[in-house]
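Each chain is listed here by its residues.
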Amino acid sequence: MKLQELAQRLGCRLEGDGHAAVHGVAGIEHAEPGEVTFLANRRYAPNLKTTRASAVFVEAGVEFERVANAPPLAKLLTANPYLAFAKAIELFYEAPKYGPGIHATAVIAKSTKIGAGAHIGPYCFVDENVVIGEHAVLHSFVTVYRGARIGANFFAHAHAVVREFCKIGDRVILQNGVVIGGDGLGYAKNADGTWYKMAQSGPAVLEDDVEVQANACIDRATVGETRIGHGTKIDDLVLVGHASKVGANCMLCGQVGLAGSTHIGENCILAGQVGTAGHLTVGNGTVITAQSGVPNDVPERALYSGYPAVENREWLRMMAALRRLPELQKRVAELEDKISG
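Since this is a predicted model, take the numbers as computed values, not measurements.

Re unusual backbone geometry
When glycine is set aside, most residues are seen to have a negative phi, and most peptide bonds are trans.
Next up, step 1: Cis geometry marks the peptide bond from Tyr 307 to Pro 308, where omega comes out at -10°.
Next up, step 2: Inspection of the secondary structure puts Pro 308 in the loop between β37 (303-305) and β38 (310-311).
Next up, step 3: The backbone of Asn 69 sits at a positive phi, close to 70°, despite the residue not being glycine.
Next up, step 4: Considering the arrangement of structural elements, one finds Asn 69 in the loop between β4 (55-58) and β5 (74-77).
Next up, step 5: A residue is classified by how much of its surface remains accessible, and Asn 69, at 81% relative accessible area, is exposed.

A word on the environment of Phe 38
Next up, step 1: As for its placement among the helices and strands, Phe 38 is situated in strand β3 (residues 35-38).
Next up, step 2: Taking the relative accessible area as the measure of exposure, Phe 38 reaches 19% and is therefore buried.
Next up, step 3: Separated by 95 residues in sequence, Phe 38 and Gly 133 have C-alpha atoms that sit 37 Å apart.
Next up, step 4: Contacts of Phe 38, omitting those with residues within four sequence positions, involve Ile 28, Val 56, Phe 57, Pro 81, Tyr 82 and Phe 85.

Examining the sheet that holds strand β7 (residues 107-108)
Next up, step 1: Strand order in the open sheet formed by ten strands is β7-β10-β13-β16-β19-β24-β27-β30-β33-β36, and the pairing between neighbours is parallel. Bordering the open sheet on either side are β7 and β36 (293-294), each of which pairs with just one other strand.
Next up, step 2: Looking at chain direction, strand β10 (residues 125-126) and strand β13 (residues 143-144) are connected through two bridges and run parallel. Of the residues in β13, the one forming a bridge with Phe 125 is Thr 143.

Let's talk about the sheet that holds β5
Next up, step 1: Strand order in the open sheet formed by five strands is β1-β5-β4-β3-β2, and the pairing between neighbours is mixed. In this open sheet, the two edge strands, each paired with only one partner strand, are β1 (13-15) and β2 (24-25).
Next up, step 2: Of the pairings in the sheet, the one linking β3 to β4 comprises three bridges and is parallel in character. Bridge pairing links Thr 37 to Val 56 in β4.

Observations concerning the side chain of Ser 140
Next up, step 1: Note that Ser 140 resides in the loop between β12 (137-138) and β13.
Next up, step 2: Owing to a relative accessible area of 10%, Ser 140 belongs among the buried residues under this scheme.
Next up, step 3: Those residues in contact with Ser 140 that sit more than four places away from it in its chain are Gly 121, Pro 122, Cys 124, Ala 158 and His 159.

Thoughts on the pattern of salt bridges
Next up, step 1: Evaluated as defined, the whole model comprises 14 salt bridges.
Next up, step 2: The salt bridge involving Glu 32 is made with Arg 52; its shortest N-O contact spans 3.0 Å. Linking Glu 32 in the loop between β2 and β3 with Arg 52 in the loop between β3 and β4, this pair joins segments that are 20 residues apart in sequence.
Next up, step 3: A residue is classified by how much of its surface remains accessible, and Arg 52, at 45% relative accessible area, is partly exposed.
Next up, step 4: Residue Glu 164 is joined to Arg 163 by a salt bridge in which the shortest nitrogen-to-oxygen separation is 2.8 Å. Here Glu 164 matches Arg 163 in class, with each residue buried.
Next up, step 5: Salt bridges sharing common partners tie together Arg 163, Glu 164, Asp 183 and Lys 197.

As for the side chain of Ser 292
Next up, step 1: By the secondary structure assignment, Ser 292 is in the loop between β35 (287-288) and β36.
Next up, step 2: Under the relative-accessibility criterion, Ser 292 is labelled buried at 2%.
Next up, step 3: Among the polar contacts made by the side chain of Ser 292, one reaches the main-chain amide nitrogen of Gly 306 at a distance of 2.9 Å.
Next up, step 4: When sequence neighbours within four positions are dropped, the list of residues in contact with Ser 292 reads Gln 273, Val 274, Gly 275, Tyr 304, Ser 305, Gly 306 and Ala 309.

As for the nonpolar core
Next up, step 1: Phe 154 and Leu 174 are the most contacted members of the largest nonpolar core, which has 50 residues in total.
Next up, step 2: Here Leu 174 is in contact with Phe 154, Phe 155, Ala 156, His 157, Ala 160, Val 162, Ile 168, Ile 180, Leu 206 and Val 212, once residues within four sequence places are set aside.
Next up, step 3: By size, the runner-up hydrophobic cluster in this structure holds 16 residues, among which are Ala 7, Leu 10, Cys 12 and Ala 88.

Describing helix α3 (residues 312-323)
Next up, step 1: Helix length check: α3, at twelve residues, gives a terminal C-alpha distance of 17 Å against a target of 16 Å (1.5 Å per residue), a fit within 8%.
Next up, step 2: Between the side-chain oxygen at the start of α3 and the backbone nitrogen of Arg 313 there is a gap of 2.8 Å, and the oxygen is on Glu 311.

Looking at the packing of aromatic side chains
Next up, step 1: Counted according to the given criterion, the structure contains five aromatic pairs.
Next up, step 2: Summarising the aromatic geometry, the rings of Phe 38 and Phe 85 are spaced 4.4 Å apart at their centres and angled 40° between planes, so their arrangement reads as tilted. Remark: Phe 85 occurs in helix α2 (residues 81-92) and Phe 38 occurs in strand β3; sequence separation between them is 47 residues. Here the two residues Phe 38 and Phe 85 agree in accessibility, since each one is buried.
Next up, step 3: When the ring of Tyr 123 is compared with that of Phe 141, the centres are 5.1 Å apart and the planes differ by 15°; the resulting orientation is stacked. With Tyr 123 in the loop between β9 (119-120) and β10 and Phe 141 in the loop between β12 and β13, this residue pair connects regions lying 18 residues apart in the sequence.
Next up, step 4: Put simply, the rings of Phe 38, Tyr 82 and Phe 85 pair up and form one aromatic cluster.
Next up, step 5: Between the NZ or CZ atom of Arg 43 and the centre of the ring of Tyr 44, over which it lies, the distance is 5.5 Å.

Here is what the cut-offs are and how they apply
- Residues numbered from 1 in each chain as written.
- Predicted model: local features only at pLDDT ≥ 70, side-chain atom pairs only at ≥ 80, totals over all residues.
- Heavy atoms only, no water.
- Helix = DSSP H or I, 4+ residues; strand = E, 2+ residues; numbered from the N terminus.
- Buried < 20%, exposed > 50% of the residue type's maximum accessible area, 1.4 Å probe, protein only.
- Contact = heavy atoms within 4.5 Å.
- Pairing = 2+ DSSP bridges.
- Salt bridge = Lys/Arg side-chain N within 4 Å of Asp/Glu carboxyl O.
- Polar contact = N/O pair within 3.5 Å; in protein donor to acceptor, adjacent residues only side chain to side chain.
- Core = buried A, V, L, I, M, F, W, Y, C linked by side-chain atoms within 4.5 Å.
- Expected span 1.5 Å × (residues − 1).
- Phe/Tyr/Trp six-rings, centres within 6.5 Å; stacked < 30°, edge-to-face > 60°.
- Lys NZ or Arg CZ within 6 Å of the ring centre and 35° of its normal.

Quick look at the structure:
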């Protein structure tokens, strides 16, 4: 592909040789001639002096000088270099396609309704009274329990599980090993101290355009439902506890854990290993930084950190004071010595 064509297809303004050929994309430090890279984080700007890429997606106004003898580096000017790079990947990488049909080893209940163009791969199991929409793909060893409802253009990678009566919207992606609607942690205490298992009667509901990545679990509810709002993305090894609700367009990063009945608003980001206590609410547009523990409600459009999680600026002051603690202890000891002497 010529750079001029790439710029036109992605709506970028080109500065450089439009007739130069490109054949792929790569990160700024590893790109080779003929590849396109991007600059979204200014900390990598010094790499523009030496990168071997032929072009870079970059915001207008970013200037750089090349080292001696470095090949020319064209600019593809865009307001969102990372998004442009993401779309460029799709132009150079063709994901595998799966034609319609049901593999001979798949076990499909007679009462199941499968939409046109669906692909059911090897050793899949689909139970009674399941509905699967058009152009869905069940890759291999996928299990769908009784009564589940799944929309169009669904994609379940190998060993994903959708449990009984769960509801999944259109264009949902489940990566390998995902469990949708597994039993929540619901037990009542018997008089003798043993645990009585509570039936988990409420389904998990995933709205349109949700993606759940590898080995994450969305538990079903004891009563009511667990719901994931449209467009939300859930990373590897995340646990969403029973009867929790996550709003639209959120991102839950790796190893996040939501205890039961947690309510997360819309457009929130929970960074890696954030944990929440149950029965609390996180407001719309809030960001909680990595490894924070959230014991109480969090307001809208907040930035929280630490454990117990507090407003980020307060947490930074606390950490600054903590770093000075050995010095302060020494000064207190010296003062005590002077007083006692």
